[in-house]
Amino acid sequence: MSPRVTIGLAAVLVLVGVYIVAVDRPLARHAEEARHLLQIPKSEITAITVVSPKGTVDLARRDATRWDVTQPIHVPAAAFVVSDLLDAVTGLVPQTTVRGAGTDLGAYGLDTPVARMTLRTSGGRTATLEIGGSSPVGTALYARALPSTTIYLVESSIKDTLSKSATDLRQKTLGDFANADVQEVRIQSAKGTLSITRLGPDRWRLGGSHPWPADDFKVTDLFFPLTTSNATAFHDGVTDLALYGLDHPAVTVDLTLRGHPEPVRFLLATQGKVTHGVEAGSRTVLDLDASLQEKLMPDPLSLVSRRVLPYNAQNLTALVWRRGGKSLEVRRQGPGFTGGGLSVKEIIDMLSSVSLLDADKVKPLGSAPAGPPAFEVRSEGAEDARFVVAFYPQAGGGWVATDSALGLEYHLAANALDALPRSLASFLNLTQATKATAPAKK
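Residues numbered from 1 in each chain as written. Predicted model: local features only at pLDDT ≥ 70, side-chain atom pairs only at ≥ 80, totals over all residues. Heavy atoms only, no water.

Focus: the sheet that holds strand E24 (residues 387–393)
Phase 1: Strand order in the open sheet made by the eight strands is E21-E20-E19-E23-E24-E25-E26-E22, with antiparallel pairing throughout. Looking at which strands have only one partner, the edges of the open sheet turn out to be strand E21 (336–338) and strand E22 (361–364). Taken over all neighbouring pairs, the strand axes of this sheet differ in orientation by 20 degrees on average, direction set aside.
Phase 2: Judged from the three bridges that link them, strand E20 (residues 326–333) and E21 form a sheet pairing that is antiparallel. (Pairing = 2+ DSSP bridges. Helix = DSSP H or I, 4+ residues; strand = E, 2+ residues; numbered from the N terminus. Axes fitted to C-alpha atoms, helices over the stretch in contact; angles between N-to-C directions.)

This is the structure we're talking about:
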């Protein structure tokens, strides 16, 4: 094939790609949206009224993600429930159009709809979905979208979707936020002040005198119950927090959320078998499981990451192993690593092994073990990728690894380093170290 033909085909492929991205996909999306019964963008909706056999409920948008029930009570709404409700309604596609429908709405159950939902936008637009009776054939329901007078058949499940009471729509947990949005956690209790700051998507650091790396799962589990523990009872319109012990709370939780300049504060106090909780500024007190308060008062050490080298892999530039005055260095070169006389596979195995090197137990560092370490490893890179850890074999088997900068010691099993590539294990003389510390046979 000649270069001219090759260049021509490449140009055609580029044009086809541009057409798909710029023309075809938007047209397909618009065509799909045109099939929806309500032509109103979900992001523009600021107010909702739902009328069903469960009563009339009004909702108002508080911000980009949060809603409030405003009638018949004024309480926060469950954001995910409102979002699912809007998805179902704005995404509703009719099964068919009823041809030749007359003006007798009673024939379709639309003179007194079984459910109605009105959506209002910030620009003043209004759209109303009305659900009528059942079709004599099949299970579909009659519906129309005002101000249009056209009658359609829609899936019967929409009736249950719209049958929401204020209780169904209200927020049933103390908090309503996405875990990924939490940037900082600060907890004050009788145990003192615990602060934790997010360093990255799955990386945290404890504050205070010991800036220890924190385990992502343990930190998430700490505040996760705030958004998942449903209340057993609600006390609305509360003006005196002292009735629930919340004027002097046992636990105060401040969460800094992405996109919110001011922290969200939660107050908790346990009375008997119930933990009372309230979001600061709210007039609704929730009765929650009594264990919630205790879960929010952990020992900081219990949150520490057990990763012996808790570096951020993206910021890692080198791993340097040292034993007996000699060094084996593996450094980043382009997208990968090289050096130390190791093959690409051996380097991959080494990085994989180190990233999974978890201790069985982590303790504050007391006095360092006697004698020099068997070897040490240093990780280099940005601030959250710099650690120096010394490894000491134990007489009864196993290892103690110490990080003097962090003030931590890690206790590992005897086989914790078995996954290191053979050439690195040989450099570190792991076989001899293991033999020297193995228990004597009886």
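Quick notes on the side chain of Asp 68
Phase 1: Of note, Asp 68 is situated in strand E3 (residues 67–71).
Phase 2: The exposure class assigned to Asp 68 is buried, which follows from its relative accessible area of 13%.
Phase 3: At 2.8 Å, the side chain of Asp 68 forms a polar contact with the side chain of Arg 62.
Phase 4: Excluding residues within four positions of it along the chain, Asp 68 makes contact with Asp 58, Leu 59, Ala 60, Arg 62, His 74, Val 75, Pro 76 and Ala 77. (Buried < 20%, exposed > 50% of the residue type's maximum accessible area, 1.4 Å probe, protein only. Polar contact = N/O pair within 3.5 Å; in protein donor to acceptor, adjacent residues only side chain to side chain. Contact = heavy atoms within 4.5 Å.)

Here we look at the side chain of Thr 227
Phase 1: As for its position among the elements, Thr 227 is in helix H6 (residues 225–228).
Phase 2: If we ignore the near neighbours within four places in the chain, the residues touching Thr 227 are Thr 173, Gly 175, Asp 176, Phe 177 and Asn 179.

Concerning the nonpolar core
Phase 1: Ile 196, Trp 321 and Phe 391 are the most contacted members of the largest nonpolar core, which totals 66 residues.
Phase 2: Residues contacting Trp 321, with those up to four places away along its chain left out, are Lys 326, Ser 327, Leu 328, Met 350, Val 354, Phe 375, Glu 376, Val 377, Leu 420, Leu 424, Phe 427 and Leu 428.
Phase 3: Counting residues in each nonpolar core, the second largest holds 34 residues, with Leu 37, Val 69, Val 81 and Leu 162 among its members. (Core = buried A, V, L, I, M, F, W, Y, C linked by side-chain atoms within 4.5 Å.)

Observations regarding the sheet that holds strand E11 (residues 192–200)
Phase 1: Pairing is antiparallel in the open sheet, where nine strands are placed in the order E13-E12-E11-E10-E15-E16-E17-E18-E14. The sheet terminates laterally at strand E13 (213–214) and strand E14 (233–235), the two strands that pair on one side only.

Looking at helix H5 (residues 216–223)
Along an α-helix, residues three or four positions apart point the same way, because every turn accommodates 3.6 residues.
Phase 1: Taken as a whole, H5 has its buried residues at Asp 216, Val 219, Thr 220, Leu 222 and Phe 223. One side of H5 holds all its buried residues, which, seen down the axis, span an arc of 150 degrees. Projecting away from the buried face of H5 at angles above 90 degrees are the exposed residues Phe 217 and Asp 221.
Phase 2: Residues of H5 that are buried make contact with strand E10 (182–189), E11, strand E12 (203–206), E13, H6 and helix H7 (291–295). (Arc of directions from axis to C-beta.)

Things to note about the pattern of salt bridges
Phase 1: Under the definition given, this model contains 18 salt bridges.
Phase 2: Between Arg 62 and Asp 68 there is a salt bridge, and its shortest N-O distance comes to 2.8 Å.
Phase 3: Here Arg 62 falls in the partly exposed class, since its relative accessible area comes to 35%.
Phase 4: Residues Asp 181 and Arg 258 are paired through a salt bridge, measuring 2.7 Å at the closest nitrogen-oxygen approach. Separated by 77 residues along the polypeptide, Asp 181 in the loop between helix H4 (166–169) and E10 and Arg 258 in the loop between strand E15 (251–257) and strand E16 (264–271) bring together distant segments of the chain.
Phase 5: Salt bridges sharing common partners tie together Glu 329, Arg 331, Arg 378 and Glu 380. (Salt bridge = Lys/Arg side-chain N within 4 Å of Asp/Glu carboxyl O.)

Let's talk about helix H2 (residues 79–90)
Phase 1: The end-to-end C-alpha distance of H2 is 16 Å, a good match for the 16 Å that 12 residues give at a rise of 1.5 Å each.
Phase 2: Those residues of H2 not exposed but buried are Ala 79, Val 81, Val 82, Leu 85, Leu 86, Val 89 and Thr 90. Seen from one end, H2 has its buried residues packed into an arc of 165 degrees, which puts them on one side. (Expected span 1.5 Å × (residues − 1).)

Re the layout of surface pockets
Where empty space is left becomes clear once a probe the size of a water molecule has been rolled over the atoms.
Phase 1: Looking at the largest pocket, its volume works out to about 600 Å³.
Phase 2: If you trace the largest pocket, you find 29 residues lining it, with Asp 202, Arg 203, Arg 307, Pro 310 and Tyr 311 closest to the centre.
Phase 3: When residues of the lining of the largest pocket are traced back to their parent elements, those giving at least two are E12, E13 and H5.
Phase 4: Residue contributions to the lining of the largest pocket peak at three residues, all from E12.
Phase 5: Grouping the constituent residues of the lining of the largest pocket by class yields 13 nonpolar, four polar and 12 charged.
Phase 6: Here the second largest pocket is characterised by a volume of approximately 270 Å³.
Phase 7: Along the wall of the second largest pocket there are 18 residues; nearest its centre are Thr 65, Arg 66, Asp 176, Phe 177 and Leu 257.
Phase 8: Among the residues forming the lining of the second largest pocket, the class breakdown is eight nonpolar, four polar and six charged. (1 Å grid on protein atoms, 1.4 Å probe; cavity = no way out; pocket = protein on both sides within 12 Å on 5 of 7 lines; lining within 4 Å. Points joined across faces, edges and corners; volume = space filled by probe spheres on them. Nonpolar A, V, L, I, M, F, W, Y, C, P; charged D, E, K, R; others polar.)

Topic: empty space enclosed by the protein
Phase 1: Inspection of the entire model under this criterion finds one cavity of 30 Å³ or more.
Phase 2: Each pocket or cavity is described by its volume, and for the largest cavity that value is around 110 Å³.
Phase 3: Lining of the largest cavity is provided by Val 75, Pro 76, Arg 170, Gln 171, Thr 173, Leu 174, Val 278, Glu 279, Ser 282, Thr 284 and Leu 286.
Phase 4: Only strand E4 (75–76) and strand E17 (274–279) provide two or more residues apiece to the lining of the largest cavity.
Phase 5: For the lining of the largest cavity, a count of residues per class yields five nonpolar, four polar and two charged.

Spatial relationships are all this shows, so hold off on functional conclusions.
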